[in-house]
Amino acid sequence: MSADSSLAPWPDEVRRAVEITPAAGTRERIIDITTTGRRTGLPRRLEIFFYRAHGRTYLCSGAGGGATSWYANLLADPTFVFHLKHGVRADLPARATPVTDPSERRAILEAIVDDLNQPHDPGTIAPTRLEDWLGSRIMRVEFDRPV
């Protein structure tokens, strides 16, 4: 998989905040997203974790893979706003694409689980097992050009 060229137009500090490393703790992975509610049609702001794998940015439902409103909302309307809120603050217009290919999903989830299992911030994210994440819903994030 190639690097995310959609981050190129953003200022360096914003790009660095999105391009987290295995040293990032829980707080750095938490953002808000504003989606259009699929039932109401109104903007809806949700707190969610984001992850990096293979040079790309993803939203993922995490271990267990239960149904999530953010995933359903983004399937109905894939445009949203990615709000950085810890450290650098920025509102990044973005688009979401579901990742459905089984081999691609597995590769992404393996990278996410490997990243989470790094000894970077003990006690904030429990050791994870790939088996627990295989049912996760995954959306690839592409950032729109800054205005």
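Shown above is the structure to which this text applies.
Described below are features of the structure shown in this document. The numbering scheme is per chain: residues are counted from 1 as the chain's sequence reads. Reporting of local features is limited, given that this is a predicted model, to residues whose pLDDT is at least 70; pairs of side-chain atoms are given and counted only at 80 or more, and all residues count toward the totals for whole chains, interfaces and linings. Only hydrogens and water are set aside; all other atoms, that is, all heavy atoms of the structure, feed into the side-chain values.

## Thoughts on the side chain of His83
Numbering goes from the N terminus for both helices and strands, where a helix is a DSSP run of H or I of at least four residues and a strand is a run of E of at least two. Checked against the element boundaries, His83 lands in strand β4 (residues 79-84). A polar contact of 2.6 Å, which involves the side chain of His83, links it to the side chain of Asp91. Beyond its immediate chain neighbours, meaning those up to four positions away, His83 contacts Ile31, Asp32, Ile33, Thr34, Arg45, Ala90 and Asp91. Counting of polar contacts relies on pairs of N or O atoms within 3.5 Å, with two restrictions inside protein: one atom must be capable of donating a hydrogen and the other of accepting it, and residues adjacent in sequence are counted only when both atoms are side-chain atoms. Note on contacts: a residue pair is in contact if any heavy atoms of the two residues lie within 4.5 Å.

## Quick word on the sheet that holds β4
When DSSP finds two or more bridges between a pair of strands, those strands are recorded as paired. Spatially, the six strands close up into a barrel ordered β1-β2-β3-β6-β5-β4, and their pairing is antiparallel. Going across the sheet, the axis of each strand differs from the next one's by a mean of 45°, ignoring polarity. Axes here mean lines fitted to C-alpha atoms, for a helix over just the part in contact, with angles spanning 0 to 180 degrees between N-to-C directions. Of the strands in this sheet, β2 (43-53), β3 (56-60) and β6 (138-143) touch helix α3 (residues 102-116), which is tilted by about 85° from β2.

## Some points on the nonpolar core
Here, the term nonpolar core denotes a set of buried Ala, Val, Leu, Ile, Met, Phe, Trp, Tyr and Cys residues that are joined through side-chain atoms within 4.5 Å. A simple rule labels every residue: compare its accessible area, found with a 1.4 Å probe on the protein chains alone, to the largest value its type can have, and call it buried under 20%, exposed over 50%, or partly exposed in between. Ranked by internal contacts, the top residues of the largest apolar core, which has 26 residues, are Leu59 and Phe82. Every element with two or more residues in this core is listed here: α1 (12-18), β1 (30-36), β2, α2 (69-76), β4, β5 (90-98) and β6. With sequence-adjacent residues up to four places away left out, Leu59 is seen in contact with Ile31, Ile33, Ile48, Phe49, Phe50, Trp70, Leu74, Phe80, Arg137, Ile138, Met139 and Val141. Membership of the second largest hydrophobic core comes to 13 residues, among which are Val99, Ile108, Ile112 and Val113.

## A look at α2
Listed in full, the buried residues belonging to α2 are Trp70, Tyr71, Asn73 and Leu74. Buried positions in α2, seen along its axis, are confined to an arc of 165° and lie on one side of it. Read the arc as the range of directions from the helix axis to the C-beta atoms.

## Topic: α3
A rise of 1.5 Å per residue sets the reference length of α3, with its 15 residues, at 21 Å; its end C-alpha atoms lie 21 Å apart and thus fit the reference within 8%. Buried residues belonging to α3 abut β2, β3, α4 (130-133) and β6. The span you would expect from a helix comes to 1.5 Å times its residue count less one.

## A few points about the packing of aromatic side chains
Stacked, edge-to-face and tilted are the three classes for Phe, Tyr and Trp ring pairs, Trp counted by its six-membered ring, which pair at centre distances within 6.5 Å; planes under 30 degrees apart are stacked, over 60 edge-to-face, the rest tilted. Taken as a whole and assessed by the stated rule, the structure comprises five aromatic pairs. When the ring of Phe50 is compared with that of Phe82, the centres are 5.2 Å apart and the planes differ by 70°; the resulting orientation is edge-to-face. Note that Phe50 is positioned in strand β2 and Phe82 in strand β4, a separation of 32 residues in sequence. Look at Phe82 and you get buried, because its relative accessible area is 0%. Judged by centre distance (5.8 Å) and plane angle (85°), the rings of Tyr51 and Trp133 are edge-to-face. Highlighted residues: Tyr51 in strand β2 and Trp133 in helix α4, separated in sequence by 82 residues. A relative accessible area of 6% places Tyr51 in the buried class. Taking the relative accessible area as the measure of exposure, Trp133 reaches 5% and is therefore buried. Put simply, the rings of Phe49, Tyr51 and Trp133 touch in pairs and so form one group of aromatic residues.

## A closer look at the pattern of salt bridges
Between Lys or Arg on one side and Asp or Glu on the other, a salt bridge is scored when a side-chain nitrogen of the former is within 4 Å of a carboxyl oxygen of the latter. One pass over the full model with this rule turns up ten salt bridges. A salt bridge links Asp32 to Lys85; the nearest nitrogen and oxygen atoms lie 2.9 Å apart. You can see Asp32 sitting in strand β1 and its partner Lys85 sitting in the loop between β4 and β5, a full 53 residues away along the chain. Residue Asp32 is classed as buried on the basis of its relative accessible area, which comes to 10%. In this structure, Arg106 engages Glu110 in a salt bridge whose closest nitrogen and oxygen atoms are separated by 3.3 Å. Here Glu110 and Arg106 lie together in helix α3, a separation of four residues that amounts to about one turn. Here the salt bridges do not stand alone but share partners, grouping Asp32, Arg45, Glu47 and Lys85 into one network.

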